[in-house]
Amino acid sequence: MKILITGATSGIGRQLALDYHASGHSVIAVGRSAPALKALANQGLHTLELDLLDREATLRDLTGLDRVDLAILCAGSCEYIDMPDFDSARVSRIMRLNVETMAHSIEALLPALRRSDSPHLVGVGSSAAYLPLPRAEAYGASKAAVAYLMDTLAITLAPEKIRVSLVCPGFVKTPLTDRNDFDMPFLMDVQAASQAIRNGIEKKQAEIHFPKKLTWGMKAAARLPRSLWAALARRMVTS
Ligand SMILES: NC(=O)c1ccc[n+]([C@@H]2O[C@H](COP(=O)([O-])OP(=O)(O)OC[C@H]3O[C@@H](n4cnc5c(N)ncnc54)[C@H](OP(=O)(O)O)[C@@H]3O)[C@@H](O)[C@H]2O)c1
């Protein structure tokens, strides 16, 4: 397969790029960090230095690709809101990094996906979007937007036989979560996360979520009355 991965210079995307390359696929690793891209190129991967916030550059560099069979959109970041400071600039920054970069990538990659016999578009969201979580006002909102985007594309791209999947990880140990100052239940290593994502892609699952002990629990909690969940979540913040 010809595979393009964004966010391939670090964390989950980097592990996916290395694992797909090791199993013999042709991988284009996209990111901004030149040293990280050079390290991947030294291991035989194709690389592309690109700031996905730049729509013109993204269209220029990705639209011309001859064919992509699997596109995994993993670029993103996380920042938390710490009340009483509601920093709208932080909300804008995270919405841009997690939602706009994905939209730019999708627009630029659709022509190359359409040239594949079996195209698959995969967007990395988060289980944080399942239910309101303290401090995740910006991050959760951005990942809820990603979920809506991917779930809707799964419907609208189906007539063209472009498969679409949404990935909803729990906590995975990466530079992103290394910044967290709280306990992360069921924290996974990045190799296990890559395995779970690759299994889900192979099985062509519409939603790939893991670790199941966390994500099934969150899905159940999301069905509670909002007032009951809010009381439980408030207790989490104050305890
Ligand atoms: N780790 C977790 O527990 C977890 C849980 C749920 C969801 N996720 C999601 O999984 C994805 C990957 O997370 P991670 O933990 O692997 O994070 P990470 O290690 O911080 O990696 C983030 C990646 O995104 C790239 N990126 C950020 N902004 C970019 C931009 N403007 N243009 C191009 N590339 C950009 C970075 O590239 P450069 O460094 O080269 O700029 C880097 O490769 C994110 O979407 C995150 O929200 C992670």
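So, how was this worked out
Residues numbered from 1 in each chain as written. Predicted model: local features only at pLDDT ≥ 70, side-chain atom pairs only at ≥ 80, totals over all residues. Heavy atoms only, no water. Core = buried A, V, L, I, M, F, W, Y, C linked by side-chain atoms within 4.5 Å. Buried < 20%, exposed > 50% of the residue type's maximum accessible area, 1.4 Å probe, protein only. Helix = DSSP H or I, 4+ residues; strand = E, 2+ residues; numbered from the N terminus. Contact = heavy atoms within 4.5 Å. Near = heavy atom within 4 Å. Polar contact = N/O pair within 3.5 Å; in protein donor to acceptor, adjacent residues only side chain to side chain. Areas by Shrake-Rupley, 256 points an atom, 1.4 Å probe, with all protein chains shown as cover. Nonpolar A, V, L, I, M, F, W, Y, C, P; charged D, E, K, R; others polar. Expected span 1.5 Å × (residues − 1). Bend = angle between axes of the 7 residues up to and from the residue. Axes fitted to C-alpha atoms, helices over the stretch in contact; angles between N-to-C directions. Parallel < 35°, antiparallel > 145°, perpendicular 65-115°, else oblique. Left-handed = near helix turned anticlockwise from the far one by under 90°.

Asker: How would you sum up the nonpolar core? Please name residues and give values.
Answerer: One finds Leu 109, Leu 121 and Met 150 to be the most contacted residues of the largest nonpolar core, which totals 39 residues. Elements with a contribution of two residues or more to this core: β2 (26-31), α3 (55-62), β4 (70-73), α4 (88-114), α5 (137-156), β6 (163-169), α8 (212-221) and α9 (226-238). With eight residues, the single largest contributor to this core is α4. In this structure, Leu 109 is in contact with Leu 4, Leu 62, Leu 65, Val 68, Ala 71 and Leu 73, ignoring residues within four places of it in sequence. Grouped together as the second largest cluster of nonpolar side chains are 26 residues, Leu 40, Met 188, Val 190 and Ile 201 included.

Asker: Lay out the environment of Leu 48 with the relevant residues and their values.
Answerer: Along the chain, Leu 48 falls in strand β3 (residues 46-49). In this structure, the C-alpha to C-alpha distance between Leu 48 and Leu 62, residues 14 residues apart in sequence, is 9.4 Å. Residues contacting Leu 48, with those up to four places away along its chain left out, are Ile 28, Ala 29, Val 30, Gly 31, Leu 37, Asp 61 and Leu 62.

Asker: Please set out the site of the ligand residue by residue, giving values where relevant.
Answerer: Lining the immediate environment of the ligand, one finds 30 residues, of which Thr 9, Ser 10, Arg 32, Val 172 and Thr 174 sit closest. Between the ligand and Gly 7 there is a distance of 3.1 Å, counted from an oxygen atom to a backbone nitrogen or oxygen. Contact between the ligand and Ile 12: an oxygen atom at 2.8 Å from a main-chain N or O atom of the residue. Contact with the protein chains hides 92% of the accessible area of the ligand, taken as 890 Å² for the molecule alone. Mapped onto the shell around the ligand, the elements with two or more residues apiece are α1 (11-22), α5 and α6 (175-178). Here the shell around the ligand gets three residues from one element, more than from any other, and that element is α6. Grouping the amino acids of the shell around the ligand by side-chain chemistry returns 15 nonpolar, twelve polar and three charged.

Asker: Go over α4 with me, naming the residues and quoting the values.
Answerer: With 27 residues, α4 extends 38 Å between its outermost C-alpha atoms, agreeing within 8% with the 39 Å of an ideal straight helix rising 1.5 Å per residue. Largest kink in α4: about 35 degrees, centred on Ala 108, with the proline Pro 111 one to four residues after it. The N-capping residue of α4, defined by a side-chain oxygen 3.0 Å from the backbone nitrogen of Ala 89, is Asp 87.

Asker: Can you tell me about the packing of α4 against α5, naming the residues and giving the values?
Answerer: Their axes nearest at 8 Å, the elements α4 and α5 cross at an angle of 20 degrees. Classified by the interaxial angle, the pair formed by α4 and α5 is roughly parallel. In the packing of α4 onto α5, the handedness of the crossing is right-handed. Within the contact between the two elements, α4 uses Arg 90, Val 91, Ile 94, Met 95, Asn 98, Val 99, Met 102 and Ile 106 and α5 uses Ala 138, Tyr 139, Ala 141, Ser 142, Lys 143, Ala 145, Val 146, Leu 149, Met 150 and Leu 153. For the contact of α4 with α5, the per-class residue count stands at 14 nonpolar, two polar and two charged.

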